[in-house]
Amino acid sequence: MTTTAPPPTTPPATPHLPLRSARLPRSAPALVAVASLAAAGVLALLLGWGIIAWAVVAGLLHLVAITVWSRAVENPRAATDRFVTSLIWMALIIAFVPLVSLLYIVVENGAGQIDGQFLTYSMRNVVGEGGGIYHSLVGTLLITLGATVISVPIGLMTSIYLVEYGARSKVAGWIRFLVDVMTGIPSIVAGLFAFALFALIFNDPGIHFGIGGSVALSLLMIPIVVRSAEEMLKLVPGDLREASYALGVPKWRTIVKVVIPTALPGIITGVTLAVSRVIGETAPLLIIAGSTDSSNFNLFGGQMSTLPVFIYYSYTQPGLNPEFAQGRAWGAALVLIVIVMLLNLLARVLGKAFAPKTGR
């Protein structure tokens, strides 16, 4: 007797689930931003608010509107993502506002002052209109160059010890602690230290010269160079060191030929940041470098003027014609900003030029 198996039952068809959920259009953030600005603008006109209150209310309306719209159309997770993204964009805008306003004010007030005479003449025997910042520009470049010459070798060799030799020793821990303490030292304390040091060495309580300013600025540069170079050296893969040691290359040569070239772009960036940090310092240079209206190319003799000190005296002691002195101060400020910008561009160019070449 044969039995026949019942035919297999077909499982009920499952409904087709979409692979992608509903999404807001790409222009949704921009549309919400425009609507929020318009709504906040109407409230500002009706209630007499200022521009700050208008911007704050517009930001809050944008956060609420984009979150509610995304939660209704998309899902709670997407709504949270859009909320955080909007917060990040608002933080970026807040950070840009003082930067853009600062640049605008400096350019507006200082651009008209810059010409050939302003960059090539000093303030020697100048009263009222005329003169320039040549003496301060020379002093700034020479003092900063001296500080760089002092700081880079000391900072680089210290970072090499911390990474390659000291590692986790107690001495390295104390060095890191002291470097962190030096990072927070007020700049005027560095100037007082340099002044006291050279006053004791030369037995002259009224000593002022450029190299003292370089020493004071180097105290502010060294911690930045040490920490930045240390982090860059830590990023060098240990396999490169091991491969060099396996070939019989001594440790010092491995550091010089392998480790430092690999980390060089980051080291250059750190040095440039340190230079940008100290090139605008005023307090230590007021104490030890002094000020003069004449050009001085000798770091080891006589007072030297710098751009920050020139700006300070132009505003605090403008003389008989304050409008001319204040105009020169704005022009010097613009030149100082341009120098810092050029240093950062130079760091990027050198970083790409000295970056390790990779290829197959």
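Each value, and the rule that gives it
- Residues numbered from 1 in each chain as written.
- Predicted model: local features only at pLDDT ≥ 70, side-chain atom pairs only at ≥ 80, totals over all residues.
- Heavy atoms only, no water.
- Helix = DSSP H or I, 4+ residues; strand = E, 2+ residues; numbered from the N terminus.
- Rg over C-alpha atoms; globule rule 2.2 N^0.38 Å.
- Buried < 20%, exposed > 50% of the residue type's maximum accessible area, 1.4 Å probe, protein only.
- Contact = heavy atoms within 4.5 Å.
- Areas by Shrake-Rupley, 256 points an atom, 1.4 Å probe, with all protein chains shown as cover.
- Domains from an automatic or database assignment.
- Buried area = accessible area lost by both parts, 1.4 Å probe.
- Nonpolar A, V, L, I, M, F, W, Y, C, P; charged D, E, K, R; others polar.
- Axes fitted to C-alpha atoms, helices over the stretch in contact; angles between N-to-C directions.
- Parallel < 35°, antiparallel > 145°, perpendicular 65-115°, else oblique.
- Left-handed = near helix turned anticlockwise from the far one by under 90°.
- Polar contact = N/O pair within 3.5 Å; in protein donor to acceptor, adjacent residues only side chain to side chain.
- Patch = residues over 30% accessible without salt bridge, like charges linked within 9 Å, V, L, I, M, F, W, Y side chains within 5 Å.
- Salt bridge = Lys/Arg side-chain N within 4 Å of Asp/Glu carboxyl O.
- Phe/Tyr/Trp six-rings, centres within 6.5 Å; stacked < 30°, edge-to-face > 60°.
- Expected span 1.5 Å × (residues − 1).
- Bend = angle between axes of the 7 residues up to and from the residue.
- UniProt positions renumbered as here; feature names shortened; annotations may be inferred.

**Q** Before we go on, may I ask you to explain the overall build of the protein in this structure?
**A** When helices and strands are counted, the protein shows 13 helices and zero strands. Reading the protein from its N terminus to its C terminus gives the helix and strand order α-α-α-α-α-α-α-α-α-α-α-α-α. In terms of overall dimensions, the protein is more spread out than a globule: its C-alpha atoms have a radius of gyration of 31 Å, far above the 21 Å expected for 360 residues. Each principal axis of the C-alpha distribution contributes one length, and for the protein these read about 125 × 75 × 40 Å. Expressed as a percentage of the 360 residues in the protein, the buried residues total 36%. Counting only contacts in the protein whose residues sit at least 6 apart along the sequence, the fraction spanning at least 24 positions is 71%. Roughly 21800 Å² of accessible area belongs to the protein as shown, and the carbon and sulfur atoms make up 70% of that amount.

**Q** Where do I start with the domain arrangement of the protein in this structure?
**A** Interface size, as often reported, equals the accessible area lost upon joining of the parts. The domain boundaries assigned to the protein delineate domain 1 (28-108) and domain 2 (119-354). Centre-to-centre separation of domain 1 and domain 2, based on C-alpha positions: 40 Å. With four residues of domain 1 at the contact, the number on the domain 2 side is four residues. Buried area between domain 1 and domain 2, summed over both chains or domains, comes out near 360 Å², and the portion from carbon and sulfur atoms is 90%. Its residues assigned to classes, the side of domain 1 that touches domain 2 comprises four nonpolar, no polar and no charged.

**Q** Got a minute to help me understand the packing of helix α3 (residues 76-110) against helix α13 (residues 322-353) in this structure?
**A** Two packed helices can be described by the angle between their axes and the distance between those axes. Running from amino to carboxyl end, α3 crosses α13 at an angle of 125°, the nearest separation of the two axes being 8 Å. By the angle between their directions, the pair α3 and α13 is classed as oblique. Crossing of α3 against α13: the hand is left-handed. Touching Leu103, Ile105, Val106, Val107, Asn109 and Gly110 of α3 are Trp330, Gly331, Ala333, Leu334 and Ile337, all from α13. Of the residues belonging to the contact of α3 with α13, the class tally is eight nonpolar, three polar and no charged.

**Q** Help me out: how do you make sense of the environment of arginine 124 in this one?
**A** With respect to the secondary-structure elements, arginine 124 resides in the loop between α4 (116-120) and α5 (134-166). Sequence-wise, arginine 124 and aspartate 293 are 169 residues apart; in three dimensions their C-alpha atoms are separated by 5.0 Å. Those residues in contact with arginine 124 that lie beyond four places of it in its chain are Asp293 and Ser294. Here serine 294 takes part through its side chain, which lies 2.7 Å from a polar atom of the side chain of arginine 124.

**Q** Quick question: what am I supposed to make of a nonpolar patch on the surface here?
**A** Residues Trp89, Leu92, Phe96, Leu99, Val100 and Leu103 make up a contiguous nonpolar surface patch of about 570 Å² in total accessible area. Its location among the elements puts leucine 92 in helix α3. The exposure class assigned to leucine 92 is partly exposed, which follows from its relative accessible area of 38%.

**Q** Just to check I follow, could you spell out the packing of aromatic side chains for this structure?
**A** The relative placement of two aromatic rings is captured by the distance of their centres and the angle of their planes. Applying the stated criterion to the full structure yields seven aromatic pairs. Ring geometry for phenylalanine 198 against phenylalanine 202: centres 6.3 Å apart, planes inclined by 20°, an arrangement best described as stacked. Taken together, the positions of phenylalanine 198 and phenylalanine 202, both in helix α7 (residues 187-202) and four residues apart, correspond to about one turn of that helix. Residue class for phenylalanine 198 comes out buried when judged on its relative accessible area of 9%. Between the aromatic rings of phenylalanine 198 and phenylalanine 209, the centroid separation amounts to 5.0 Å while the plane-to-plane angle is 90°, which identifies the pairing as edge-to-face. One end of the pair, phenylalanine 198, is in helix α7; the other, phenylalanine 209, is in the loop between α7 and α8 (210-234), and eleven residues separate them in sequence.

**Q** I'm lost on α8 in this one. Help?
**A** The α-helix advances 3.6 residues per turn, and as a result positions three or four apart in sequence lie on the same side. The terminal C-alpha atoms of α8, which comprises 25 residues, lie 35 Å apart, in line with the 36 Å expected from a rise of 1.5 Å per residue. For α8, the principal kink sits at leucine 220 and spans about 35°; a proline, proline 223, occurs within the next four residues. With 18 of 25 residues buried, α8 lies mostly within the body of the structure.

**Q** Which parts of the structure should I look at to understand the UniProt feature "transmembrane region" (unreviewed entry) in the protein?
**A** The UniProt record marks residues 28-46, 52-72, 84-107, 133-156, 177-201, 207-226 and 327-347 with the feature "transmembrane region" (unreviewed entry), using the residue numbering of this structure. Here residues 207-226 is 85% helix and 0% strand, with 30 Å between the C-alpha atoms at its ends.

**Q** I'm lost on the UniProt feature "domain: ABC transmembrane type-1" (unreviewed entry) in the protein in this one. Help?
**A** UniProt's feature table lists "domain: ABC transmembrane type-1" (unreviewed entry) at residues 137-347, given in the numbering used throughout. Taken end to end, residues 137-347 is 78% helix and 0% strand, and its two terminal C-alpha atoms sit 21 Å from one another.

**Q** How should the environment of glycine 331 be read in this particular structure?
**A** Of note, glycine 331 is situated in helix α13. In this structure glycine 331 comes out as buried when scored by relative accessible area, which is 0%. Here the alpha-carbon distance between glycine 331 and arginine 227, two residues 104 residues apart in the chain, equals 34 Å. Apart from the residues within four sequence positions on either side, glycine 331 is in contact with Gly110, Gln113, Ile114 and Phe118.

**Q** Whenever I open this one, the pattern of salt bridges confuses me. Can you help?
**A** Pairing between side chains of opposite charge can happen when their charged atoms approach one another. Scanning the entire structure with this criterion turns up eight salt bridges. Across the salt bridge formed by glutamate 74 and arginine 82, the nearest N and O atoms sit 3.1 Å from each other. Like glutamate 74, the residue arginine 82 is buried in the burial classification. We note a salt bridge from arginine 241 to glutamate 164, for which the minimum N-O separation is 2.8 Å. Taken together, the residues arginine 241 in helix α9 (residues 238-246) and glutamate 164 in helix α5 connect sequence positions 77 residues apart. Each member of the pair, arginine 241 as well as glutamate 164, is classed as buried. Salt bridges linked by common partners bring Arg176, Asp180, Arg227, Glu230 and Lys234 together as one network.

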